[in-house]
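What follows is each chain in one-letter form.
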Amino acid sequence: MTDVVLSCTKISKAFGALQASKDVSLDLQAGEIHALIGPNGAGKSTLIRQISGAMKPDRGTVHFLGHDVTRLSAIERARLGLGRSFQISSVIPDFTVLQNVALAVLGDEGNSFHFFRDLLKGRPTVERAETCIARVGLEDRRAVRAADLAHGERRRLEIATALALEPRAFLLDEPMAGMGAEGASEMTRLLDTLRHEAPILLIEHDMDAVFALANRISVLVYGEIIATGTSDEIRSNAEVRRAYLGEEETA
Amino acid sequence: DGVKVGMITTLSGGGAGLGIDVRDGFLLAVKQSGNSDIEVVVEDDQRKPEIAVQLADKMIQSEKVDVLTGIIWSNLAMAVVPSATAQGKFYLSPNAGPSQLAGEGCHENYFNVAWQNDNLHEGAGAYAKDAGFKNTFILAPNYPAGTDALAGYKRFYEGELAGEVYTKLGQTDYAAEIAQIRASGADSVFFFLPGGMGISFLKQYSDSGIDLPVVGPAFSFDQGILQAVGDAALGIKNTSQWSKDIDNPANNAFVESFQAEYGRLPSLYASQGFDTANLLLSAMGKADIDDADAFRAALKEADFDSVRGDFEFGPNNHPIQDIYVREVIKEGDVLTNKIVGVALEDRGDAYAEKCKM
Amino acid sequence: MTLLSLSDVTASYGAAQALFGVSLTVDEGDVVALMGRNGMGKTTTIRTICRMMPVKSGEVRFRGRSINRVPSHRVARMGIGLVPEGRRCFANLTVEENLVAAARPGDWNFASVSQLFPRLAERHDQIAASLSGGEQQMLAIGRALMTNPTLLILDEATEGLAPIVRQEIWNAVRTLKATSALAILVVDKSIKELASVADHAVIIERGKDVWTGPISGISKDVTDRFLGV
Amino acid sequence: MTIILLIEQVLNGLQFGVMLFLMAAGLTLVFGVMGLINLAHGSLYMVGAFAAAAVAGATGSFLLAMAAALGAAAIAGVIVEMLVIRRLYDRDHLDQVLATFALILIFSEGTRWIFGSFPLYLNIPPYLSGPITLPGDIQYPLYRLVIIGVGLLVAAGLFLLISRTRLGIRIRAGESDREMIAALGVNISVLYTIVFALGAALAGLAGALVGAIQSVQVGMGEPVLILAFVVIVIGGIGSITGALVGSLLVGLTDTLGRTLLPVLFGTFMEASAATTVGAAIASMLIYILMAVVLIFRPTGLYGAR
Amino acid sequence: MRREQILNGAVLLGLIAVPLWAWSSGEPFIITLATKVAVLGLAGVGLNIALGTGGLVSLGHAAFFGIGGYAMGILASHAQQYVPLFEWPLLVEGTKSMPVIWLVAIVFSGLAALLIGALSLRTSGVYFIMITLAFAQMLYYFAISWPAYGGEDGMAIYVRNSFPGLNTLDPIQFFAITFVILCMTLWFNARLVRSPFGTALAAARQNAERVEAVGIDPYKLRLAAFVISGMITGLAGALFADLNRFVSPTMFGWHLSGELIVFVILGGTGRLLGPVVGAAIFITLEHVLGGISEYWQIFLGVLLLGVVLVARGGVIAVIAGKGVAHD
Ligand SMILES: Nc1ncnc2c1ncn2[C@@H]1O[C@H](COP(=O)(O)OP(=O)(O)OP(=O)(O)O)[C@@H](O)[C@H]1O
Ligand SMILES: Nc1ncnc2c1ncn2[C@@H]1O[C@H](COP(=O)(O)OP(=O)(O)OP(=O)(O)O)[C@@H](O)[C@H]1O
Ligand SMILES: [Mg+2]
Ligand SMILES: [Mg+2]
């Protein structure tokens with residue numbers, strides 16, 4: 001059990017009458033990709049929000065690297081090394097790709113209260129940022145404003161930013177969405193190597209990617225985890241098929 | 001040689017009417033004098049003290065004026081006058097008369113041709129005493145001129161106060177104060193609410209159904225503002241050092257020529273501007289501006305035909321003059337004032353003894 | 001009959017040109033797939049059709065009429081229903097308000113949309129901002145259908161949807177195709193799904209159309225070259 | 001202070017609140033719904049008052065004057081919207097502030113140019129003037145009761161318009177995504193022109209109604225504008241209910257503050273100091289109220305989220 | 001980007017050339033105007049850090065401007081009358097020394113900004129605009145009705161305060177002081193914008209959620225920016241008071257806050273020299289138009305409107321191109 005990096009225990013969250021999380025317990029172990037799938041509106045993003053600290057659970061606890069982080073804010077959790085990508089791309093529109101990533105490096109270095117140093121002349125910062133950009137294949141676009149990127153490119157930028165934080169665990173909410181076939185397969189390769197740096201809690205509706213990548217899959221339906229298992233176990237679980245996969249994916 | 005006059009006054013924004021009247025009165029007198037030795041530069045202070053200070057700098061430094069005049073508001077006067085007189089310029093005030101400048105802060109080069117700020121309020125207090133008011137409710141905005149106004153009223157008034165209220169500067173709704181008046185058991189009301197505040201108060205007061213007698217300074221009953229107050233003002237007593245029906249040749253000629261020139265009845269402010277110019281012109285006839293001492297002495301003589309009749313300067317260069325009681329009446333369709341008595345005769349001011357010059 | 005045609009259309013974002021001459025046609029009742037890698041100009045093409053950005057040169061015709069200078073809302077009323085990239089639901093409105101905001105009379109109404117997406121009916125009183133991603137996608141489609149268009153444009157309409165819902169949507173598209181004269185222009189990343197519903201395909205590369213033909217005619221060679229699979 | 005007086009002051013506070021609401025209503029509509037900061041709202045208020053005064057002066061009819069106020073302000077609104085405001089919707093708040101600040105200058109000095117520098121006359125018609133007696137022997141001006149009535153009617157009307165009609169839905173949709181609502185076939189420009197004109201007309205009506213008991217002069221819109229902003233911010237932008245509650249809160253706080261504070265301070269201070277200090281604090285009171293509300297509810301009482 | 005730098009240089013050169021010319025040709029009032037541009041420009045530069053870089057639209061910067069002004073007025077008036085400010089718990093005397101006054105102005109406006117900012121930054125958008133206005137209005141009404149320091153009349157300080165080695169009453173020497181301060185502040189501002197702090201602040205303006213996700217707290221960034229901004233504006237207030245040798249509650253008025261915003265937008269939001277250019281244009285217009293007609297504000301209004309509608313992004317954007325400098 002020493003290699004559990006992130007875990008949440010009995011998390012519950014209600015929006016009025018709607019129970020978005022019901023006693024959800026889940027963990028993430030070193031070196032793994034743990035995929036979280038489930039129908040739209042099942043509560044996946046809500047769960048991620050609670051783990052990342054953007055939303056407070058009604059009940060339950062979150063542990064990260066052995067600390068109880070339930071009471072910490074999103075910012076403090078990010079500083080501890082919880083990297084997050086958003087379901088809907090969230091970038092700094094007027095910044096270039098490089099600046100966007102450099103900002104994340106800055107956040108990781110934890111000293112944004114420098115008033116005189118020139119950010120983009122700090123060599124280590126820029127180098128680290130460029131490495132991350134290269135890893136998602138955006139080298140050619142490093143000087144383009146994030147607002148001018150196409151949708152798919154913005155998704156990659158989102159990943160590059162998460163990489164720059166050198167996190168101890170990743171929370172990725174639908175990183176493949178809108179990526180295109182080519183992009184999705186590249187992303188699959190990237191995540192595959194990434195898991196050795198830090199484990200990934202992955203939300204994704206692209207089943208090809210999920211089945212190819214996940215060490216474990218948990219299925220969330222109506223706020224409850226109804227099954228956890230390997231790709232094959234999940235693929236053949238009748239309940240999951242009925243609630244989520246439908247018929248074709250079983251083929 | 002000639003005299004250059006710098007006039008800093010309010011020509012734009014809400015309070016522009018007063019500045020325009022002062023300017024028009026002043027220029028009318030200059031025109032009538034036919035004196036070509038006088039040159040007037042007019043600038044708009046936008047009613048902002050900082051702008052007034054800068055304009056004064058400009059007039060002194062760049063335009064090289066000899067005499068400054070024109071300021072309407074006490075706070076602007078306080079900002080401009082001390083430094084202008086300290087630089088050896090003459091300042092003739094056509095409207096504002098803050099107490100500091102009449103007392104400790106008086107200056108030999110500062111002449112007030114209108115009144116010390118308290119004068120009209122003192123007149124109102126004196127009138128209240130004569131009229132036998134025993135229990136007055138008094139109100140004014142909460143700023144220095146407002147506190148001075150109430151103090152001025154109390155100086156001659158001898159009865160009780162049913163209430164003393166300071167309102168917010170710029171307030172437009174007086175329902176709460178009017179309710180207090182109604183409940184206070186007062187037998188009369190004195191108010192000093194310049195500009196739009198006074199109009200709002202009077203309209204709301206008359207609609208409230210209270211019919212206690214009201215008295216106030218002329219500012220809320222002046223020609224420029226009276227039409228806007230409407231019938232709500234009818235019959236109200238107010239105090240003023242001037243009225244268009246003061247019967248003397250200078251005033252009759254002024255009222256007629258002002259109306260001919262500008263197509264409207266002159267206001268209090270116009271009369272003050274007119275007198276200011278005439279004072280200056282009278283001094284120019286007697287002394288050269290380059291001989292400051294002689295010119296100052298000539299000013300001090302006040303040897304001109306004031307539209308308010310007798311006019312002379314007290315020891316602190318502030319007027320000694322009669323304060324009249326006027327009543328608002330209707331002449332045909334037009335609301336105007338009629339003198340019904342004299343509140344104070346040959347009134348100087350309360351600060352003169354503090355003035356050492 | 002030709003419903004929509006673009007001939008040699010160019011367009012730019014400020015100084016940056018994004019389309020370098022796109023031509024395509026959509027016939028009545030036709031389902032056309034618009035394909036291409038990320039950033040090649042699919043969305044931009046759609047934006048010029050909906051007049052959300054100006055046509056720099058070339059011509060867009062809808063129902064035989066040039067719509068180069070027709071304002072956006074008039075184009076929509078001529079019968080184009082848009083499901084935009086990124087959903088763009090009206091965040092501060094409820095689900096029901098989103099649906100009725102731009103509704104025009106026709107077969108599609110609140111009841112029939114509810115039938116297609118029961119989830120929306122369940123959530124009809126909820127503010128759109130708090131819907132899950134997939135629910136928002138359904139809402140965007142429902143909202144476009146409520147305008148009762150003759151041409152439905154779906155830009156990545158299945159992005160972020162659960163497989164089972166994706167199948168439902170493709171089924172819905174197939175139903176639409178079979179039962180109505182609705183023409184559809186569809187952008188999606190799943191070639192497999194597109195192949196099963198579309199009649200024709202247009203592939204764009206760097207702001208130009210580089211391949212047009214029946215969808216069945218897309219060879220392995222073409223996908224390798226233009227779609228990078 | 002007697003109970004009767006206290007009740008009367010509460011009534012005054014409520015009435016002042018409703019009067020504020022009348023001013024704030026149009027502003028919320030434009031500001032909350034279209035996301036536009038319109039500093040020139042006060043100018044439209046002034047336009048209404050001046051139009052009413054001019055027409056009342058020429059015809060002697062109060063009703064015609066009110067109609068003129070509505071019409072003139074609405075027309076001014078349409079012109080301003082088509083020439084200026086329309087180009088500002090997709091700009092940030094800053095550009096809107098600058099442009100509408102410029103409009104204030106143009107309106108104010110333009111009005112002064114046309115009507116001169118002196119206040120105009122506009123008064124309550126005889127059939128609405130004078131006090132009536134309420135239960136408890138409270139004398140209360142009829143006209144102020146009329147203002148309360150009109151204010152409540154406007155509140156109800158606006159509330160229904162925004163929340164219940166399709167027009168309202170579309171307006172709100174446009175606020176969240178203008179491009180998208182247009183792409184769905186709604187002519188948002190016309191819609192916004194209508195809304196702006198409606199907001200302007202409400203401002204004009206408020207100016208004329210209130211002008212009859214206050215002074216009709218250049219610059220009359222500015223203090224009102226600030227108060228109206230205070231009101232809608234306290235209530236929460238975009239909420240008609242919020243604007244109404246905000247107005248009443250501000251009205252009560254201001255009225256009761258300025259009558260009670262001097263008395264309160266008088267209990268432990270010397271009388272004349274108490275009146276000035278009390279008045280000083282009273283004049284700051286609504287700003288204190290606003291700050292406190294926002295500190296505890298950063299989006300106002302009824303604001304979203 | 002290079003064009004903007006050339007333009008910035010030209011603006012500063014112009015700002016120094018005009019008063020020098022006026023000095024040599026005996027037009028002291030022009031020097032006064034140039035000083036006013038420098039001082040109000042400085043206030044605008046302060047505001048621009050909050051508004052342009054941080055996206056914090058403060059309609060209450062008059063609060064800091066006024067605090068700076070009153071710091072000068074109170075210290076100098078006590079010195080003038082030889083009355084100590086207070087004697088308990090320790091004796092504090094007034095002073096007529098500019099550097100001391102500046103320090104006091106900076107410290108107190110900074111403290112006020114810390115307090116106002118800490119409370120106001122809980123809100124955002126229009127609420128922020130209004131809550132900052134509320135704080136400034138509180139100070140305004142307080143200053144008007146509090147009699148100790150002149151109330152609405154304000155305070156006149158008849159002789160300008162002193163600066164070691166200079167004759168501050170000489171317009172050109174006083175101008176030199178303000179100009180040097182302006183340049184130093186601009187240099188600081190230029191460094192700030194490119195620094196990690198400035199970058200993070202600009203990022204927080206555009207997308208606070210993203211900044212949080214990388215572990216930076218936007219609230220702290222904004223508060224720091226607001227305090228720095230308030231301190232600079234406070235310093236400008238002290239200089240402005242010295243320029244006029246006069247302080248009054250209008251320094252707290254919302255018109256002043258509005259004018260500062262106008263300077264910033266007119267010149268170009270977030271541009272280094274935007275506020276200076278804006279102040280120069282505005283003050284020149286005010287001066288030139290004021291002489292033309294009683295109704296000059298109509299023309300001013302039309303011109304401002306023209307700038308917003310046509311010259312998008314401010315005057316600097318029109319001359320130097322749209323993009324805000326990024327490397
Ligand atoms: N702030 C909120 N208020 C009310 N309901 C909410 C709120 N946030 C989310 N919900 C509801 O909670 C449920 C779970 O939403 P969530 O976004 O977590 O779904 P999801 O599993 O991420 O779905 P998807 O795969 O479509 O993104 C949805 O029904 C959603 O409408
Ligand atoms: N708002 C914008 N401003 C400037 N350039 C843009 C903007 N939106 C897109 N672009 C550019 O236009 C080009 C085409 O983008 P478009 O969004 O049309 O691509 P796409 O084919 O839809 O890609 P995706 O599959 O990622 O959605 C891209 O190079 C992109 O960088
Ligand atoms: Mg989700
Ligand atoms: Mg796209």
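Note that the structure is predicted; figures quoted are calculated from it, not measured. (Residues numbered from 1 in each chain as written. Chains lettered and ligands numbered in written order. Predicted model: local features only at pLDDT ≥ 70, side-chain atom pairs only at ≥ 80, totals over all residues. Heavy atoms only, no water.)

1. Some details on the overall build of chain A
Here comes step 1: Within chain A, the regular secondary structure consists of nine helices and ten strands.
Here comes step 2: Relative to a compact globule of 251 residues, whose C-alpha radius of gyration would be 18 Å, chain A shows 18 Å and is just as compact.
Here comes step 3: Overall size of chain A, expressed as C-alpha extent along the three principal axes, is 55 × 40 × 35 Å.
Here comes step 4: The buried share among the 251 residues of chain A stands at 58%.
Here comes step 5: Considering only contacts within chain A whose residues lie at least 6 apart along the sequence, 64% involve residues at least 24 apart.
Here comes step 6: Summed over all atoms, the accessible surface of chain A reaches about 9800 Å², with 49% contributed by carbon and sulfur. (Helix = DSSP H or I, 4+ residues; strand = E, 2+ residues; numbered from the N terminus. Rg over C-alpha atoms; globule rule 2.2 N^0.38 Å. Buried < 20%, exposed > 50% of the residue type's maximum accessible area, 1.4 Å probe, protein only. Contact = heavy atoms within 4.5 Å. Areas by Shrake-Rupley, 256 points an atom, 1.4 Å probe, with all protein chains shown as cover.)

2. Re the packing of aromatic side chains
In this description, a pair of aromatic rings is defined by centroid distance and the angle of the planes.
Residue and element names in this part refer to chain B.
Here comes step 1: This model, assessed by the stated rule, comprises 34 aromatic pairs over all chains.
Here comes step 2: Ring centres of F258 and Y262 lie 4.7 Å apart, and the angle between their planes is 50°; this geometry places the pair in the tilted category. Of the two residues, F258 and Y262 both sit in helix α10 (residues 249-262), four residues apart, roughly one turn of that helix.
Here comes step 3: Residue classification places Y262 among the partly exposed residues on the basis of a relative accessible area of 26%.
Here comes step 4: Counting every residue linked through ring pairs, the aromatic cluster contains Y174, F191, F201, Y205 and F221. (Phe/Tyr/Trp six-rings, centres within 6.5 Å; stacked < 30°, edge-to-face > 60°.)

3. Quick look at the site of ligand 1
Here comes step 1: Within the structure, ligand 1 sits among 21 residues, and N40, K44, S45 and T46 of chain A together with G134 of chain C are positioned closest to it.
Here comes step 2: Lying at an intersection of chains, ligand 1 is approached by residues of chains A and C.
Here comes step 3: The separation between an oxygen atom of ligand 1 and a polar main-chain atom of G43 of chain A is 2.9 Å.
Here comes step 4: In this structure, Q126 of chain C approaches ligand 1 through a side-chain N or O atom, which is 2.7 Å from an oxygen atom.
Here comes step 5: Here ligand 1, which alone exposes 640 Å², has 88% of that area covered by the protein.
Here comes step 6: Taken together, the elements giving at least two residues each to the shell around ligand 1 come down to α1 (44-52) of chain A together with α6 (133-145) of chain C.
Here comes step 7: Residue composition of the shell around ligand 1, grouped by class: five nonpolar, twelve polar and four charged. (Near = heavy atom within 4 Å. Polar contact = N/O pair within 3.5 Å; in protein donor to acceptor, adjacent residues only side chain to side chain. Nonpolar A, V, L, I, M, F, W, Y, C, P; charged D, E, K, R; others polar.)

4. What about the arrangement of the chains?
Here comes step 1: Spatially, chain A and chain D are disjoint, and the shortest separation between their C-alpha atoms is 13 Å.
Here comes step 2: Note that chain C does not reach chain E: the shortest distance linking a C-alpha of one to a C-alpha of the other is 11 Å.

5. Topic: the interface of chain A and chain E
Here comes step 1: Listed as interface residues are 32 residues of chain A and, on the opposing side, 30 residues of chain E.
Here comes step 2: Contact between chain A and chain E buries roughly 2800 Å² in total, counting both sides, with carbon and sulfur atoms accounting for 64%.
Here comes step 3: Three residues stand out in chain A for area buried against chain E, namely I75, F115 and F116 of chain A, and they jointly supply 22% of the buried area on that side.
Here comes step 4: With a shortest N-O distance of 2.7 Å, E158 of chain A and R210 of chain E are connected by a salt bridge.
Here comes step 5: The interface formed by chain A and chain E holds six residue pairs in polar contact (both at pLDDT 80 or more) in total.
Here comes step 6: Listing elements by their share of the side of chain A that touches chain E, those giving two or more residues are α2 (74-80), α3 (97-109) and α5 (151-164) of chain A.
Here comes step 7: No other element matches the six residues that α3 of chain A contributes to the side of chain A that touches chain E.
Here comes step 8: Its residues assigned to classes, the side of chain A that touches chain E comprises 17 nonpolar, seven polar and eight charged. (Buried area = accessible area lost by both parts, 1.4 Å probe. Salt bridge = Lys/Arg side-chain N within 4 Å of Asp/Glu carboxyl O.)

6. Comments concerning helix α10 (residues 254-267) of chain E
Here comes step 1: Between the first and last C-alpha of α10 of chain E there are 20 Å, a value that for 14 residues agrees with the 20 Å anticipated at 1.5 Å per step.
Here comes step 2: When you tally the buried positions in α10 of chain E, you get 13 out of 14 residues, the bulk of the element. (Expected span 1.5 Å × (residues − 1).)

7. Structural notes on the interface of chain E and chain D
Here comes step 1: Contacts between the two partners involve 37 residues from chain E and, on the opposite side, 43 residues from chain D.
Here comes step 2: Of the roughly 4000 Å² buried between chain E and chain D on both sides combined, carbon and sulfur atoms contribute 80%.
Here comes step 3: Here chain E and chain D share zero salt bridges between them.
Here comes step 4: Summed over the shared surface of chain E and chain D, the number is six residue pairs in polar contact (both at pLDDT 80 or more).
Here comes step 5: Looking at the side of chain E that touches chain D, the elements with two or more residues in it are α5 (125-145), α10 and α12 (296-309) of chain E.
Here comes step 6: Take the side of chain E that touches chain D: its biggest share by element is 13 residues, from α5 of chain E.
Here comes step 7: Counted by class, the side of chain E that touches chain D contains 27 nonpolar, seven polar and three charged residues.

8. Let's talk about the coordination of the magnesium ion (ligand 4)
Here comes step 1: Protein coordination of the magnesium ion (ligand 4) is provided by T43 of chain C (OG1) and E85 of chain C (OE), with donor distances spanning 1.9 to 2.0 Å. Placement of T43 of chain C in helix α1 (residues 42-49) and of E85 of chain C in the loop between β6 (80-83) and α3 (95-101) is noted, with a sequence separation of 42 residues between them. (Donors = N, O, S within 2.8 Å, 3.2 Å for Na, K, Ca; no water.)

9. Section: the state of the cysteines
Here comes step 1: Going through the model one piece at a time under the given rule, you end up with one disulfide over all chains.
Here comes step 2: Of all cysteine sulfurs, the one in C89 of chain C lies closest to C50 of chain C, which takes part in no disulfide; the gap is 16 Å. (Disulfide = S-S within 2.5 Å.)

10. Let's talk about the side chain of S109 of chain E
All names here are of chain E.
Here comes step 1: Counting through the fold element by element, S109 comes out in helix α4 (residues 98-120).
Here comes step 2: On the basis of relative accessibility, which here comes to 0%, the residue S109 falls in the buried class.
Here comes step 3: When near neighbours in sequence (up to four residues on either side) are disregarded, S109 contacts F64, I67, G230, M231 and G234.

11. Overview of the pattern of salt bridges
Here comes step 1: Tallied over the full model, the rule gives 54 salt bridges over all chains.
Here comes step 2: When the shortest N-O distance is used, the salt bridge between K330 of chain B and D231 of chain B registers 2.9 Å. Placement of the pair is K330 of chain B in strand β12 (residues 319-331) and D231 of chain B in the loop between α9 (223-229) and β10 (237-240), with a sequence separation of 99 residues.
Here comes step 3: Taking relative accessible area as the criterion, K330 of chain B reaches 39% and is therefore assigned partly exposed.
Here comes step 4: For D231 of chain B, a relative accessible area of 40% translates into the label partly exposed.
Here comes step 5: In this structure, the salt-bridge partner of E4 of chain E is R271 of chain E, at a minimum N-O distance of 2.7 Å. With a gap of 267 residues between them, E4 of chain E in helix α1 (residues 2-24) and R271 of chain E in the loop between α10 and α11 (274-292) connect regions that are remote in the sequence. Summarising the burial analysis for this pair, E4 of chain E and R271 of chain E share the class buried.

12. Some points on the sheet that holds strand β4 (residues 90-93) of chain B
Residues and elements named next belong to chain B.
Here comes step 1: Pairing in this open sheet of five strands is parallel, and the strands run β2-β1-β3-β4-β5 from one edge to the other. A strand with exactly one partner marks an edge of an open sheet, and here the two such strands are β2 (38-44) and β5 (110-112). Across the sheet, the mean angle from the axis of one strand to that of its neighbour is 20°, orientation sign disregarded.
Here comes step 2: One ladder, built from three bridges, connects β4 with β5; its direction is parallel. Paired with L92 across the bridge in β5 is F111. (Pairing = 2+ DSSP bridges. Axes fitted to C-alpha atoms, helices over the stretch in contact; angles between N-to-C directions.)

13. Overview of the nonpolar core
Here comes step 1: L191 of chain A, F201 of chain B, L151 of chain C together with L304 of chain E are the most contacted members of the largest nonpolar core, which totals 430 residues.
Here comes step 2: Domain assignment of the residues forming this core places at least three in each of domain 1 (1-81 + 167-251) and domain 2 (92-165) of chain A. (Core = buried A, V, L, I, M, F, W, Y, C linked by side-chain atoms within 4.5 Å. Domains from an automatic or database assignment.)

14. Concerning the domain arrangement of chain A
Residues and elements named next belong to chain A.
Here comes step 1: Domain annotation of chain A identifies domain 1 (1-81 + 167-251) and domain 2 (92-165).
Here comes step 2: Put simply, the middle of domain 1 and the middle of domain 2, counted by C-alpha atoms, are 25 Å apart.
Here comes step 3: Listed as interface residues are 16 residues of domain 1 and, on the opposing side, ten residues of domain 2.
Here comes step 4: Linking domain 1 with domain 2 are two salt bridges, by the criterion used here.
Here comes step 5: E197 is paired through a salt bridge with R135; the nearest N and O atoms lie 2.8 Å apart.
Here comes step 6: Viewed at the interface, domain 2 and domain 1 are joined by four residue pairs in polar contact (both at pLDDT 80 or more).
Here comes step 7: For the side of domain 1 that touches domain 2, the elements supplying multiple residues, two or more each, are β7 (169-173) and α6 (180-194).

15. Focus: the sheet that holds strand β2 (residues 16-27) of chain C
Residues and elements named next belong to chain C.
Here comes step 1: Pairing within the open sheet is antiparallel, and its four strands lie in the order β2-β1-β4-β5. Two strands close off the open sheet at either side, each with one partner strand: β2 and β5 (65-66).
Here comes step 2: Sheet topology note: the strand β1 (residues 2-13)/β2 ladder contains nine bridges and is antiparallel. By the bridge assignment, S5 is partnered in β2 with T25.
Here comes step 3: Against the sheet, α1 makes contact with β1, β2 and β4 (57-62), and its axis sits at roughly 115° relative to β1, the strand it touches most.

16. Some words on unusual backbone geometry
Most peptide bonds take the trans form, and the phi angle of most residues other than glycine is negative.
Residue and element names in this part refer to chain C.
Here comes step 1: The backbone of R87 shows a phi angle near 70°, a positive value even though the residue is not glycine.
Here comes step 2: By secondary structure assignment, the location of R87 is in the loop between β6 and α3.
Here comes step 3: Under the relative-accessibility criterion, R87 is labelled buried at 5%.
Here comes step 4: A positive phi angle, near 55°, is found at E156, a position not held by glycine.
Here comes step 5: Structurally, E156 can be placed in the loop between β7 (151-155) and α7 (163-179).

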